[in-house]
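# Structural overview for review
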Amino acid sequence: MQVESLIEHGTGALNEDYLLMEGNMFGVFDGATSLSPQTYENGQTGGFLASSIAGEEFRKNHGTMEELARRANMVIREEMAQRNVDLDNKQDLWSTSAAVVRIHGDVMEWAQIGDCRIVCVYENGEFDFVCQCPDQDFETLSIWKDVGPSTDEPIGVALHEQIAKVRCRMNLDYGVFNGEPEAIDFLQSGKLDLSGVRNVLLFTDGLLLPNENPWEERDFGEQVDLFRESGLKGLRDHIRSIEATDLGCRLYPRFKTHDDIAAVAINMC
């Protein structure tokens, strides 16, 4: 296997994404920016801690993918409890999405929760997502498309109530690791035969092409073509160049000018 990776800080206070590459285990974790202003040691946020904790639990690579997921979710809860986080207030909970694979020869075990993606690119040029991801933010971003041009406030201020409403639906409408036992109900996992697969891609949503109309279904063909032509870094450069033309996030609705990125591309050939 040949592996290309990318971990990059966006325009937030710190990088809340986490990249895992340890032996035959690869993963990306996207910590959600906390709605609570509370920070912890060294200014760490709940999103940073959630993604780091989950990533470190998977790094141990001991047990099934489901067992690792349960432990990751449990340790997030334990660490929150130690810091007196209100575990009954969803807006205070630390949370992270995740996409993790473990490769044994031509077989890949995988686990996914939230909006991190796993894509297989085949030798014949076709591609397929290992599982479907929720799009819990499309309503918020669709509202921002209408509201954004008429306000000087950033999206987090202008649509705070809408964003909080969506966050309160964690592990009710969509899943994340946030210490709630219900998170495991949203975990997707399985095994996949890698015969005919050229690349396995894992990435957080910072590596998604900007979408002008968030209510429309994404066409990932362009994204995969850009990766095949220029790799992860070329894809990243293309995304950043588009984002740089819309610093206020109005034309291409999103939460940050540049989101954090964690990505892995595994070449099986």
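Structural data are supplied above this passage.
Only a predicted model underlies this, so the values are computations on that prediction, with no experimental measurement involved.

This model, assessed by the stated rule, comprises two cavities of 30 Å³ or more. Of the pockets and cavities examined, the largest cavity occupies roughly 80 Å³. Lining the largest cavity, in full, are V119, F127, F129, L201, F203, L207, F220, Q223, V224, F227, L232 and L235. Within the residue set of the lining of the largest cavity, elements represented by two or more residues are β7 (127-129), β9 (197-203) and α6 (221-243). In terms of residues, the lining of the largest cavity owes the most to one element, α6, which gives five residues. Classifying every residue of the lining of the largest cavity gives 11 nonpolar, one polar and no charged. The computed volume of the second largest cavity comes to approximately 30 Å³. What lines the second largest cavity is simply S34, S36, Q38, Y40, G46, D92 and W94. Its residues assigned to classes, the lining of the second largest cavity shows two nonpolar, four polar and one charged.

Attention now moves to a nonpolar patch on the surface. Among the surface-exposed residues, M1, V3 and M21 lie close enough to one another that they form a single nonpolar patch of about 270 Å² accessible area. Mapped onto the elements of the fold, M1 is located in the segment before β1 (2-8).

Here we take up the side chain of S52. Note that S52 resides in helix α1 (residues 46-59). At 2.8 Å, the side chain of S52 and the backbone oxygen of F48 are in polar contact.

Strand order in this open sheet of five strands is β1-β10-β9-β6-β7, and the pairing throughout is antiparallel. The sheet is open, and its two borders are formed by β1 and β7, each paired with just one other strand. Each neighbouring strand pair of the sheet contributes to a mean axis angle of 15°, computed without reference to strand direction. Note that β9 and strand β10 (residues 261-267) share five bridges and pair antiparallel. Looking across to β10, one finds that V200 is bridged to I266. Of the strands in this sheet, β1, β6 (117-122), β7, β9 and β10 are in contact with α6, which crosses β1 at around 40°.

Through backbone hydrogen bonds, the strands of a sheet pair up, either in parallel or in antiparallel fashion. Read from one edge of the open sheet, five strands run β2-β3-β4-β5-β8, paired in antiparallel fashion. If you trace the sheet from one side to the other, it starts and ends with β2 (17-22) and β8 (188-193), each paired once. Neighbour-to-neighbour, the strand axes of the sheet open up by a mean angle of 10°, direction not taken into account. Contacting β2, β3 (25-31) and β4 (96-104), α1 crosses the sheet at an angle of about 10° to β2.

Now for the nonpolar core. Core analysis: the biggest nonpolar cluster contains 32 residues, and L20, F29, F58, I76, W94, V100 and F177 have the highest contact counts within it. Taken together, the elements giving at least two residues each to this core come down to β2, β3, α1, α2 (65-82), β4 and β5 (107-113). Among the nonpolar cores identified, the runner-up in size contains 21 residues, and F26, A99, V130 and L202 belong to it.

The subject of this paragraph is the packing of aromatic side chains. What the rule picks out here adds up to six aromatic pairs. A centroid spacing of 5.1 Å and a plane angle of 65° characterise the contact between Y40 and W94, whose relative ring orientation is edge-to-face. Within this pair, whereas Y40 is found in the loop between β3 and α1, its partner W94 is found in the loop between α2 and β4, the two being separated by 54 residues in sequence. Accessibility assignment for this pair places Y40 and W94 in one class, buried. On the basis of an interplanar angle of 70° and a centroid distance of 4.7 Å, the ring pair of F129 and F220 is categorised as edge-to-face. Linking F129 in strand β7 with F220 in the loop between β9 and α6, this pair joins segments that are 91 residues apart in sequence. The structure contains a cluster of three or more aromatic residues connected by ring pairs, namely Y18, F29, F58 and F177.

Let's shift gears to the environment of M1. What makes M1 exposed here is its relative accessible area of 53%. Leave out the neighbours within four places in its chain, and M1 touches F26, I103, I266, N267 and M268.

Attention now moves to the state of the cysteines. A complete count under the given rule lists zero disulfides for this structure. C120 forms no disulfide, and the closest cysteine sulfur to it belongs to C131, at a distance of 10 Å.

Calculation notes
Residues numbered from 1 in each chain as written. Predicted model: local features only at pLDDT ≥ 70, side-chain atom pairs only at ≥ 80, totals over all residues. Heavy atoms only, no water. 1 Å grid on protein atoms, 1.4 Å probe; cavity = no way out; pocket = protein on both sides within 12 Å on 5 of 7 lines; lining within 4 Å. Points joined across faces, edges and corners; volume = space filled by probe spheres on them. Helix = DSSP H or I, 4+ residues; strand = E, 2+ residues; numbered from the N terminus. Nonpolar A, V, L, I, M, F, W, Y, C, P; charged D, E, K, R; others polar. Patch = residues over 30% accessible without salt bridge, like charges linked within 9 Å, V, L, I, M, F, W, Y side chains within 5 Å. Areas by Shrake-Rupley, 256 points an atom, 1.4 Å probe, with all protein chains shown as cover. Salt bridge = Lys/Arg side-chain N within 4 Å of Asp/Glu carboxyl O. Polar contact = N/O pair within 3.5 Å; in protein donor to acceptor, adjacent residues only side chain to side chain. Pairing = 2+ DSSP bridges. Axes fitted to C-alpha atoms, helices over the stretch in contact; angles between N-to-C directions. Contact = heavy atoms within 4.5 Å. Core = buried A, V, L, I, M, F, W, Y, C linked by side-chain atoms within 4.5 Å. Buried < 20%, exposed > 50% of the residue type's maximum accessible area, 1.4 Å probe, protein only. Phe/Tyr/Trp six-rings, centres within 6.5 Å; stacked < 30°, edge-to-face > 60°. Disulfide = S-S within 2.5 Å.

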